[in-house]
Amino acid sequence: MSPNGARSSAEGAAPVAPGAGRDGVPEIVAARRLRRKDLLGIADLTPEEIHLILDTTDAMKEIGFRPIKKVPTLRGKTIVNLFFEPSTRTRTSFEIAEKRLSADTLNISTSTSSVQKGETLADTAMSLEAMAPDMIVLRHSSSGACHLLSRICRAGSINAGDGMHEHPTQALLDAFTIRERKGRIRGLKVAIVGDLVHSRVLRSNASLLTKLGADVWVSGPPTLMPPGVERLGVTATTSIDEAVKGADVIMMLRVQLERMQGAFFPSLREYFSVFGLTDARVRLAKPDAIIMHPGPMNRGVEIASEVADGPYSVILEQVSNGVAVRMAVLFLLAGGVEHEAAA
Ligand code: CP
């Protein structure tokens, strides 16, 4: 492993591992499955299910280092990526993950769908269901949209971010990145800082990290702090310095201007001065702290460029790990059931 956690080219050139199981998936994961058809949120998952996904991600990451990064596990499965909100990382990494598992994929976005003509999500879902896809990956601006989809569709539903509610695969890739870097999650101080009220990433991460025993602190302006945020099992403070002091992990959240009507703070310049992550603030954390951001970033608003691009940043590792995490989720929801039926 290189210092930034990436594999060297020598490691990457390794052929399919001895002991590779059926369909090119390592033997150790071939029989694994999640006993559910949907991934709607972290709130539904047990700690054991979360560990299963993270452990399976290790094996899926290995496939990404092979000369041929493709296994036939989901051959014959059809997966629809239905994105009603903009996305770069999530949509692309789901599509790469699906292709690596040999699924047939198709992408539908708002601009290319009949939503433009006034069709409802329920009617869109029923029309897609009539064409018998195996799974639908949904991003939508309304909280609960994926739950509606799962009630309508026989196909498995995967939440790729619903409004201000949940973004489960983001939290899973964040947890995988933390575990890979720190070797554990239990007992770590994780500071989540920024626009808390509009953040589905906060809700999914708070749920996951507290289930796995992390000490989670959250910080942001009072106007961007959800009322009763402590009920998520986190410690809340309006002082970023208090939140990041002694932290093992600092996770910055984007200021979501597109979800704001009216002013939540005086100016972007003032926001950066009070809540922006600067080198000086990073120095309050543990010497080996890692800096995370789900992206897209507002440089100079919630994070300084020298921090985003600096030696403690794992932001691009998060993006890389997103492919393996989504492969694990797809495999455990669909491939795992297939293996069980064939056994
Ligand atoms: N982190 C995340 O969800 O990024 P995208 O909006 O680009 O998918």
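Residues take numbers from 1 onward in each chain, read along the sequence in its written order. Totals for whole chains, interfaces and linings use every residue, but because this is a predicted model, local features are given only for residues with pLDDT of at least 70 and side-chain atom pairs only at 80 or more, for both listing and counting. In computing side-chain values, all of the structure's heavy atoms are included and hydrogens and water are not.

Trainee: Is there a simple way to explain the environment of V229 in this structure?
Mentor: Within the secondary structure layout, V229 lies in the loop between β6 (215–219) and β7 (235–237). For the pair V229 and L196, spaced 33 residues apart in sequence, the C-alpha separation works out to 9.0 Å. In this structure V229 touches L202, V218, V234 and A236, once residues within four positions along its chain are discounted. In this text, helices come from DSSP runs of H or I with a minimum length of four residues, and strands from runs of E with a minimum of two, each type numbered from the N-terminal end. The contact criterion used throughout is that any non-hydrogen atoms of two residues lie within 4.5 Å.

Trainee: What is the right way to look at the site of the ligand in this model?
Mentor: In the vicinity of the ligand, the contacting residues are S87, T88, R89, T90, R139, H167, Q170, P294 and G295. Here a polar contact means two N or O atoms within 3.5 Å. Within protein one must be a hydrogen donor candidate and the other an acceptor candidate, and residues neighboring in sequence count only if both atoms are side-chain atoms. Contacts to the ligand include S87, whose side-chain N or O atom sits 2.6 Å from an oxygen atom. With respect to the ligand, the side chain of H167 contributes an N or O atom lying 2.8 Å from an oxygen atom. Contact with the protein chains hides 93% of the accessible area of the ligand, taken as 250 Å² for the molecule alone. Note on terminology: near, applied to a residue and a molecule or strand, indicates that one of the residue's heavy atoms is within 4 Å of it. Computed by Shrake-Rupley with a 1.4 Å probe, the accessible areas treat only the displayed protein chains as cover when residues are assessed.

Trainee: Got a minute to help me understand the pattern of salt bridges in this structure?
Mentor: Opposite charge on two side chains allows them to pair when their charged atoms are near. A carboxyl oxygen of Asp or Glu within 4 Å of a side-chain nitrogen of Lys or Arg is what we treat as a salt bridge. With the rule as written, the count across this model stands at 14 salt bridges. Measuring nitrogen to oxygen at the nearest pair gives 2.9 Å for the salt bridge that ties K61 to E180. Residue K61 is found in helix α3 (residues 47–64), and its partner E180 is found in helix α7 (residues 168–182); the two are separated by 119 residues along the sequence. Throughout this description, buried means an accessible area under 20% of the type-specific maximum (1.4 Å probe, protein chains only), exposed means over 50%, and partly exposed covers the range between. In this structure K61 comes out as buried when scored by relative accessible area, which is 16%. Among the ionic pairs, R181 bridges to E317, the shortest N-O distance being 2.7 Å. With R181 in helix α7 and E317 in helix α13 (residues 315–342), this residue pair connects regions lying 136 residues apart in the sequence. According to the relative accessible area criterion, R181 is partly exposed, its value standing at 31%. Ionic contacts of the salt-bridge type, sharing partners, join the residues D55, D58 and R179 into one network.

Trainee: Hey, could you run me through the sheet that holds β7 in this one?
Mentor: In sheet architecture, strand pairing relies on hydrogen bonds along the backbone and comes in two forms, parallel and antiparallel. If you walk across this open sheet you meet the five strands as β7-β6-β5-β8-β9, and the pairing is parallel. In this open sheet, the two strands that pair with only one neighbour each are β7 and β9 (290–292). Direction aside, neighbouring strands of the sheet carry axes that sit 20 degrees apart on average. One requirement defines pairing of two strands: DSSP has to find at least two bridges between them. The pairing of strand β5 (residues 189–193) with strand β8 (residues 249–252) spans four bridges and is parallel. All axes are obtained by fitting lines to C-alpha atoms, using only the stretch in contact for helices, and the reported angles, taken between N-to-C directions, cover 0 to 180 degrees.

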